Amino acid sequence: MNPTKLAGIDFLAPAEVVARQLIGVTVLVDGVGGRIVETEAYDREDPASHAYSGPTARNFAMFGPPAHAYVYRSYGIHWCLNFVCREEGHGAGVLIRAIEPLAGLDIMRARRDAEDVQLLCSGPGKLCQALNVTRDFNGASLAAPPFRLEAAPPGLEVIAGPRIGISKAVDVPWRFGLHGSRFVSRPFR
DNA sequence: GTCGGGATAGACT
DNA sequence: GTCTATCCCGACG
C-alpha cells in the first residue's frame, strides 16, 4: 500500500495546492503533535527549492513517492520536515513550518526544554525537536506509523505570503498560514 | 580534497 | 533590529 491521498489531500497535486490544503491538518508522530498552521511550497522549477538542481544524495527523498517525508539538516543545527508531493520523480515538497500543539504537550515541553505552548512548535526546527523528527524519518511514508495525519475541518481561512529565510524567488507567495493563529513562526501581513 | 553557504533559533544591543 | 553557532552536502577541480 502506497496511498497518495491522506487526510483528504491528494499529494499528486502541485506543491502550492498541497501546502494550502495542509493548513488545519493534524499531524502526529507517535501520538505527539497538533494542527498544522504554517507551511511553505517548494517546486522543481523553483530556484529556492532544494530540488532545483536535480536529485542529489541530500534531496533524493524529494524525488521519491508522494505522501512521504523529506527531512534535512538546516544550518548544521536544526532538522526540517517536508511532505513530498507530485508524482514520484518530480521533486516537489511542502515544508511544515509551524504546528499548534495539541497532543503530548508534556513530552514536547521536555524535548524542547520550554514551558510556553507558543514556543513548542512555532518554527520548522522547533517542531522537529518537539516531535522528535530526525534524519531517521527521511523517506518514511506518512501513511504508516509513527506518522498519523487527520483531515482538517472545513471552512478554515488560509492566508498567503512570501516565504521566509530564502535568497531566491523571495517574492513568490508560497507561504501559507491559518488566519489569526498565534502559533505561526512569524505573523503574516 | 577543499571550500562556502544554507527553507534556523536564540541570545543580545 | 544584529550576531552567530555548527553540520552537511553540493560545487568545484
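In case you missed it, the structure is sitting above this.
Residues numbered from 1 in each chain as written. Chains lettered and ligands numbered in written order. Predicted model: local features only at pLDDT ≥ 70, side-chain atom pairs only at ≥ 80, totals over all residues. Heavy atoms only, no water.

## Points about the layout of surface pockets
Roughly 600 Å³ of volume is contained in the largest pocket. The wall of the largest pocket is formed by 26 residues, among which His50, Tyr72, Ser74, Gly165 and Ile166 lie closest to the centre. Among the elements of the structure, β4 (32–42), β5 (69–74), β6 (78–85), β7 (92–103) and α3 (124–131) are those that each provide at least two residues to the lining of the largest pocket. Element by element, the count of residues in the lining of the largest pocket is highest for β5, at four residues. Looking at the second largest pocket, its volume works out to about 160 Å³. In terms of lining residues, the second largest pocket is bounded by 14 residues, among which Gln21, Ile23, Val25, Ala152 and Pro153 are the most central. (1 Å grid on protein atoms, 1.4 Å probe; cavity = no way out; pocket = protein on both sides within 12 Å on 5 of 7 lines; lining within 4 Å. Points joined across faces, edges and corners; volume = space filled by probe spheres on them. Helix = DSSP H or I, 4+ residues; strand = E, 2+ residues; numbered from the N terminus.)

## Some remarks on the packing of aromatic side chains
Two aromatic rings are characterised by how far apart their centres lie and by the angle between their planes. For the structure on display, the rule yields three aromatic pairs. Directly above the aromatic system of tyrosine 42 lies the positively charged group of arginine 163, at a separation of 4.6 Å from the ring centroid. Sitting over the face of the ring of phenylalanine 188, arginine 175 holds its NZ or CZ atom 3.8 Å from the ring centroid. (Phe/Tyr/Trp six-rings, centres within 6.5 Å; stacked < 30°, edge-to-face > 60°. Lys NZ or Arg CZ within 6 Å of the ring centre and 35° of its normal.)

## Observations regarding the protein's contact with DNA strand B
Taken together, 20 residues lie around DNA strand B, and Tyr72, His78, Asn82, Gly125 and Gly165 are the ones closest in. In DNA strand B, atoms within 4 Å of the protein come 54% from sugar and phosphate. Contacts to DNA strand B include tyrosine 72, whose side-chain N or O atom sits 3.0 Å from a base nitrogen. When residues of the surface near DNA strand B are traced back to their parent elements, those giving at least two are β5, β6 and α3. A per-element tally of the surface near DNA strand B places α3 first, with three residues. In terms of residue class, the surface near DNA strand B is made up of nine nonpolar, nine polar and two charged. (Near = heavy atom within 4 Å. Polar contact = N/O pair within 3.5 Å; in protein donor to acceptor, adjacent residues only side chain to side chain. Nonpolar A, V, L, I, M, F, W, Y, C, P; charged D, E, K, R; others polar.)

Any functional reading would require information beyond the geometric quantities listed.
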